[in-house]
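Here's the letter readout for the chains.
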Amino acid sequence: MSMTNANFPMDAEGRTYHVGIKRGELANRVLTVGDPARAITLARSLDGVDLENTPAKTIPANLFSYASHRGFLTITGTYKGVPVSIVAIGMGISMMDFFVRECRAVVDGPMLIIRLGSCGSLSDAAVGDICVPSGSYLVQRNYDFFAGDSDNASAKPYHLSKIFQADPEITKTLVKNMSAKLGDNHVWSGVNATADSFYSSQGRQDLNFVDANQDLFTELVEHEPNTMTLEMETFTLYHLAKTSTTAPLGQSQVSNGESKSKNSIRAGACMMVFAQRKTNAFITKEDVVRVEPLAGQAVFDSLVEVQL
Ligand code: URA
């Protein structure tokens with residue numbers, strides 16, 4: 001594969017370096033997930049899928065799909081007649097960064113992006129429930145703290161960022177549509193914490209490493225009393241939506257850290273509780289199979305209901 005332009009590499013066909021998509025392959029309304037298998041399951045809700053003749057784990061033949069060499073899977077079709085895409089990105093803030101920037105680069109006009117992921121719950125949300133965070137902050141390991149020198153006496157082992165907000169209309173619409181599918185008492189609102197590790201910065205105890213995270217949950221709740229969930233992507237989505245501009249690619253877009261123009265991406269997120277961190281319960285496969293398609297339909301309903 002040969003690429004041009006080291007600043008924003010694209011191949012001769014106009015495919016981006018990691019997500020591997022080109023102009024015309026991605027809709028303005030995007031549902032993003034981590035797991036490619038989840039993307040394929042959710043694709044069964046798109047228009048025109050021949051459910052009887054499409055085996056589970058198979059991408060429906062009537063949809064566009066592209067699997068990139070870096071593990072991203074894009075599926076595009078329509079839902080209730082409106083073009084939508086599903087993009088599976090894997091895990092973590094770097095993968096979210098690749099996804100948002102490369103998708104933005106090949107789509108014209110405003111975009112709506114909603115993430116459907118999995119999370120750990122620090123609230124009373126039980127395994128299998130859905131959480132819809134109105135905002136998210138970043139929990140980042142303070143690497144310098146672990147350097148072993150003496151100037152760290154007053155430093156904290158984890159940095160907690162400011163909260164970046166979801167689009168309020170998307171959040172409200174998601175709560176309404178999730179409640180319609182799963183019932184009010186299984187849908188929770190609050191604030192998400194995105195961690196740069198599944199382990200240390202999510203407060204998991206691992207005796208093989210020095211993580212200094214015994215007090216982390218207390219610190220999260222002191223930082224934001226409404227902290228509801230822990231996962232690994234949503235902060236970056238909300239952060240990039242807030243810093244997105246409408247300037248054409250290649251033009252200088254930023255002054256004093258604020259975008260000059262109106263944001264071109266509006267974002268929201270919701271996640272299924274996989275791990276209940278207060279009781280140590282973990283979701284069963286049966287619960288995933290039950291909740292996943294319903295939650296996916298609620299996201300598609302929201303994506304097509306909100307105006308671009
Ligand atoms: N995803 C996470 O990042 N953490 C959890 O505990 C569960 C899913």
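As the structure is a computational prediction, the values presented were derived from the model and not from experiment.

Q: I'm lost on the domain arrangement of the chain in this one. Help?
A: When the parts come together, some accessible area is lost, and that loss is often what is quoted as the size of the interface. Assigned domains of the chain: these are domain 1 (1-108) and domain 2 (118-308). The distance between the C-alpha centroids of domain 1 and domain 2 comes to 22 Å. Taken together, the 23 residues of domain 1 in the interface contact 24 residues of domain 2. For the pair domain 1 and domain 2, the summed buried surface comes to about 2300 Å²; carbon and sulfur atoms form 72% of the total. The three residues of domain 1 that bury the most area against domain 2 are Arg-29, Arg-38 and Ile-93, which together make up 28% of that side's buried surface.

Q: What is the right way to read the site of the ligand from this model?
A: Near the ligand the following residues occur: Ser-118, Cys-119, Gly-120, Phe-198, Gln-202, Arg-204, Leu-230, Glu-231, Met-232 and Ala-275. In the model, a nitrogen atom of the ligand is placed 2.8 Å from a nitrogen or oxygen of the Gln-202 side chain. Here an oxygen atom of the ligand and a side-chain polar atom of Arg-204 are 2.7 Å apart. Across the complex, the protein chains shield 94% of the 240 Å² of accessible surface that the ligand would expose by itself. Only β7 (111-121) and β12 (227-231) provide two or more residues apiece to the shell around the ligand.

Calculation notes
- Residues numbered from 1 in each chain as written.
- Predicted model: local features only at pLDDT ≥ 70, side-chain atom pairs only at ≥ 80, totals over all residues.
- Heavy atoms only, no water.
- Domains from an automatic or database assignment.
- Contact = heavy atoms within 4.5 Å.
- Buried area = accessible area lost by both parts, 1.4 Å probe.
- Near = heavy atom within 4 Å.
- Polar contact = N/O pair within 3.5 Å; in protein donor to acceptor, adjacent residues only side chain to side chain.
- Areas by Shrake-Rupley, 256 points an atom, 1.4 Å probe, with all protein chains shown as cover.
- Helix = DSSP H or I, 4+ residues; strand = E, 2+ residues; numbered from the N terminus.

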